[in-house]
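Architecture and fold: a report
Single-letter residue listing:
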Amino acid sequence: MKKITITAIGGLALAALALSGCSGGSSGGSGSDNGRGPITFVQGKDNSNIIATLAAQWNKLHPDQKVTVKQQSDKADQQHDDLVQHFQAKSTDYDVVTTDVIWTAEFAAKGWLTPLEGSLKLDTSNLLPATVKTATYQGKLYGGPYASDGGILYYRSDLLKTPPKTWDELMADCSIAKRAHIKCYAGQFAQYEGLTVNFAESVNGAGGEIVKSDGKTPNLETPQALAGLNQLVTGFKDGDIPAENKTFQEEQGRQAFEAGQYLFMRNWPYAYSLAKTDSTSKVKNTVAIAPLVTNSSLGGHNLAISAYSKHKATALDFIKFMESPAVQKQIVLKASLSPVIASLYDDPALVKAAPYLPVLKESILKAVPRPVTPFYPAVTQAIQENAFQAISGTVAPDQALKNMQAAIMSAGSGN
Amino acid sequence: MSSVAQAKAPSRPPTVKRGSQKDRERQTAIWLIIPTIVILALVIGYPIVTAIIESFQKDPGLDPSTGMFNQGGFAGFANYSHFLAQQCGTVTCPPGTNGAAFWTSVGNTFLFTVATVVLETVLGVWMAIIMNRSFRGRAWVRASVLVPWAIPTAVTAKLMLFMFATYGIVNVVLQQQILWLSDPAAARIAIIVSDVWKTTPFMALLILAGLQIIPDEIYEAARVDGASTTQQFFRITLPLIKPALMVAVLFRTLDALRMYDLPAILTGGGPGISTTTLSMLVVSQIRQGFNAAAALSTLTFIIIFLVAFVFVRFLGANVVATQSATKKGEA
Amino acid sequence: MSTATEAVVTQGRRRRAAKTADYANVRYKRHVGASLRTGVQAIIIVIWCLLPFYWMIVTSFRPVDHTFDTNLLPIPFTWDNYATAFSTELGNHLLRAIGNSLIVGLTTVIVSLIFGVTAAYALARLEFRGKSMLAGIILGASMFPAVALLSPLFQLFTNIGWTGTYQVLIIPSISFALPLTVYTLTSFLREMPWDLEEAARIDGCTRLRAFWQVILPLAAPAVFTTAILAFIASWNEYLIASVLSTDATQTVTVAIAGFTGSQPHQEPYTAVMAAGTIVTLPLVVLVLILQRKIVAGLTAGGVKG
């Protein structure tokens, strides 16, 4: 018995060593076909069935550099983990990957993305500057912006003639909601990334910042940040932001607003067409939009080239294709996404089809990105947990900011 | 009761094992068990070994000049003290980090385990006894008992998310406006109820199989002797299903200690960290630094191992005592 | 038989019949009372188990914009969600996923049972040094958090080059089913009457034949129960499948998780409920077919004593 056990353990150890020494797939080198060939494009679940059309258009133009689309789950966390798994295994299966703007720093710092410079340079002159910034890390461009996103303020035009311009005005308008016996303000305050988005908007809108311009050092123990957080805390305490918001992600708020229960809602542009077309929407003719009273958090997605791709030249051309005006127009019309080309926001045909575009443009121009740090998962967790405690009233706002600051410091030092 | 004693110890004639017979038995036994061991070693053993090795390495650090990650070095026990002693570098881990969440998630995990296993055992025994009786339509009862276990966890979690929503059916029936998912106590209750609903069939089925061993004559004899239903249950049923019950409880406990799917989809670990289990903490940590995550997985493994050890040693869940041991009266 | 003997026999029969009838009468009365109690409890159990499932079915028939209605019947009624679930337009391949789950599940059950029964026989019946340690190792496989297996297994199978195959789904599935299978079967085999096997072997059967023809049929409830549990566990497994399967080998859990509404952020509750119903029904049918096997009692002759 002993002999067998020893042999088994020895065999196992040897196997472990041998397998860990293998490199994945092939050695991700520069390929003898000058970096051109078929590629795989990875994105989250395609809700509007548009990517199949775009891929077909590309394949017609480039029959020997065909693109295969791989769709991941629709949950951002799972998309992130799927990319991480493939990068860690140095898999050559993925060529062009769709990255959320908050992942750029993390992936770039781990050396998983190819910098777009030299022979792989990308021209970004016609793109919105804010979107280009989201694809930049340490001064280098690591991806091509594909779609943007910004928050907009929805309100009931039958109850309110002019939308508020500041948070104080908004809170004052809550008296109108009380008179009409509906609730005042809906946002995303469940404990998930949406809370980081809303928290950042309040802090930035009050003149504070979460991290300094180096993107890493937290700067939350300032009166402005406290003022921003207090806007939310007071809102919850006074009931102007009802307690149920603590369970709200985007969908719950949208449904409540469509049912006519709220005067204001902070949400992404996708809710607009749904509010106007859903058969059970009670606000079809009374929904109106305005720019956020705070600075919007910048959302969106970029297209990046995996460091382990074997056909990087083709990948770059595909990114250029996806950023071309023709394709960008299609994603506005068919998928209600926000384009990254600045001029498209003023295109009359597009504005007619997507009336939220001018408001969205204002939002994006004033938008502030969330902290650009390779430790983003830890940083956003620090923000979410402490912000939630503050709005729940279990921790005083200044203490919550102190804890948040300490937690971000700890995350940034990699401890 | 002589009939019970009879059923308790199926008669085994004594056999004297000669040396060569013992060797042959050992050979046969090894060949019979090798396939199982090989598969488990590959799928589970290899990751465990990898995890232990990685847990003694530091997570990659950020090179300030280039902004790129470079290799961490040897970390000793730093990853372990990060969680056990809440050491984040030189300070105590502040709220909002995984280090600070460790002991809370241990508490959550144990709370969920004890609550769900106890409830599932009691309900499972009850359901098994009913399913064992003969009555018309019992096939349908047995099929419907399995339904909760048969629905994929992801669907159950979404269903429960749906039912426990602020305007969901549970609040409508209770005529309350409980914020199930944003109140710590309510969220824990929601998870326990959902898990009990989903997993009781697992226990019921295993216990039902255990009930098959008991012949009807024992109950007849007991009834003739004048035993009441309660007495029959505690003196006959319970002792005789003990082996099956112990296996079911043991495995259910091990599974509950690794609970992930249900709380992850239902509450996401919130509000705060009131429903974060150890497995959820591991997933969160994997995104932030996989060496520390390896240490956390190893810690979880050790905790679960200790619980199983207590089970086997003290609660009699030892399934491998054989003929000779039984003869000697050990098992 | 002479008439006198006949008369004695008949008289004895009549007396026994009377006694049995008397006894049966008393038993009948107690039986009815017990039946009623059993029936009520059975109904409670069925309601408790099926209520959320009923809600799931009802929701699956509601139109998307009536998702949160709380009336008991799905009015307005629509088949749309089932159409969405089965349609391949949006990239959901539910039928293919069901097929994949079946392949993985059936292979898992067959292999787990073979390996499990052999290991259980060794643990329950044979004596050898190190048995406790081996049993402990098998149990130990159930102690490691499954979430921590994902990355190492993904890297391992990528290195071997097995991505997109069925074996990367089947092998982990077997390893999850094995510990429970081995332990359940071991504890059952321990309780088996081994003198039967001894008798058969003395009569000249090999160990294998004695086991296969005598002992295993008696352990049928345990075998079928573990088969059902292993199949369902494999059917419901999500984590490993989500990481190791590709579009072509996707199982149902991954397919359902990938359902989306027509807009980003939109939760397609109704379509998911429809998919969940579709996916659960085969399991219910399976159990209905097999449920007799899981309660086969000790009916083989010469055992009860």
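Calculation criteria
Residues numbered from 1 in each chain as written. Chains lettered and ligands numbered in written order. Predicted model: local features only at pLDDT ≥ 70, side-chain atom pairs only at ≥ 80, totals over all residues. Helix = DSSP H or I, 4+ residues; strand = E, 2+ residues; numbered from the N terminus. Buried ≥ 20, exposed ≤ 12 C-beta atoms within 10 Å, placed from the backbone. Contact = placed C-beta atoms within 7 Å. Domains from an automatic or database assignment. Nonpolar A, V, L, I, M, F, W, Y, C, P; charged D, E, K, R; others polar. Pairing = 2+ DSSP bridges. Axes fitted to C-alpha atoms, helices over the stretch in contact; angles between N-to-C directions. Right-handed = clockwise from strand over helix to strand, strands pointing away. Parallel < 35°, antiparallel > 145°, perpendicular 65-115°, else oblique. Left-handed = near helix turned anticlockwise from the far one by under 90°.

With that out of the way, let us pick up the overall build of chain C. Tallying secondary structure elements over chain C gives 12 helices and 0 strands in all. Written out in order from the N terminus, the α and β elements of chain C read α-α-α-α-α-α-α-α-α-α-α-α. In chain C, which comprises 305 residues, the proportion classed as buried is 50%. Across chain C, every contact between residues at least 6 apart in sequence was considered, and the portion connecting residues at least 24 apart equals 74%.

Turning our eyes to something else, we now look at the domain arrangement of chain C. Residue and element names in this part refer to chain C. Parsing chain C into structural domains produces domain 1 (3-60) and domain 2 (94-295). Every contact between the two is made by 4 residues of domain 1 and, on the other side, 6 residues of domain 2. In the side of domain 1 that touches domain 2, the residues fall into 2 nonpolar, 2 polar and no charged.

The next thing to look at is the domain arrangement of chain A. Residues and elements named next belong to chain A. Partitioning chain A into structural domains gives domain 1 (33-149 + 299-365) and domain 2 (152-297 + 375-412). Computed from C-alpha atoms alone, the centre-to-centre distance between domain 1 and domain 2 is 28 Å. With 13 residues of domain 1 at the contact, the number on the domain 2 side is 14 residues. Looking at the side of domain 1 that touches domain 2, the elements with two or more residues in it are helix H4 (104-109) and helix H14 (357-365). In terms of residue count, H14 provides more of the side of domain 1 that touches domain 2 than any other element does, 4 residues in total. Counted by class, the side of domain 1 that touches domain 2 contains 6 nonpolar, 4 polar and 3 charged residues.

Another point: the interface of chain C and chain B. At the junction of the two partners, chain C supplies 92 residues and chain B supplies 84 residues. A per-element tally of the side of chain C that touches chain B places helix H1 (residues 3-60) of chain C first, with 13 residues. When the residues that make up the side of chain C that touches chain B are grouped by side-chain class, the tally is 62 nonpolar, 22 polar and 8 charged.

All names here are of chain A. Strand order in the open sheet formed by 4 strands is S8-S9-S7-S10, with mixed pairing between adjacent strands. With one partner strand each, in any of the chains shown, strand S8 (183-186) and strand S10 (287-291) form the two edges of the open sheet. Here the average twist between neighbouring strands, direction ignored, is 20°. Contacts between H14 and the sheet are confined to strand S7 (152-156) and S10, with S10 contributing the most and set at about 30° to the helix.

Time to look at the sheet that holds strand S2 (residues 67-71) of chain A. All names here are of chain A. Judged by pairing direction, the sheet is mixed, and its 5 strands sit side by side in the order S2-S1-S3-S11-S6 without closing on themselves. In this open sheet, the two strands that pair with only one neighbour each are S2 and strand S6 (144-149). Direction aside, the axes of adjacent strands within the sheet are offset by 20° on average. As paired elements, strand S1 (residues 39-43) and strand S3 (residues 96-100) share 2 bridges and run parallel to each other. Within S3, the residue paired with Phe41 across the bridge is Val96. Against the sheet, helix H11 (residues 312-322) makes contact with S1, S2, S3, S6 and strand S11 (299-305), and its axis sits at roughly 150° relative to S11, the strand it touches most.

What follows deals with the pairing of S2(A). Remark: a regular strand shows side chains that alternate across the two faces of the sheet. Residues and elements named next belong to chain A. Pairing of S1 with S2, which is carried by 5 bridges, proceeds in the parallel orientation. By the bridge assignment for S2, Gln43 is matched with Gln71. One crossover worth recording links S1 to the parallel S2 by way of helix H2 (residues 51-61), and it is right-handed.

All names here are of chain A. Along the polypeptide, Tyr155 turns up in strand S7. Separated by 108 residues in the primary sequence, Tyr155 and Leu263 have C-alpha atoms spaced 5.6 Å apart. Residues within four places of Tyr155 in sequence aside, it is in contact with Leu160, Pro163, Leu263, Phe264, Ala288 and Ala290.

All names here are of chain A. Put simply, helix H15 (residues 376-392) and helix H16 (residues 397-412) touch, their axes get as near as 9 Å, and they point 170° apart. In terms of axis orientation, H15 runs roughly antiparallel to H16. The two elements H15 and H16 cross, and the hand of that crossing is right-handed. On H16, the residues touching Ala378, Val379, Ala382, Ile383, Asn386, Ala387, Gln389 and Ala390 of H15 are Pro397, Ala400, Asn403, Met404, Ala407, Ile408 and Ala411.

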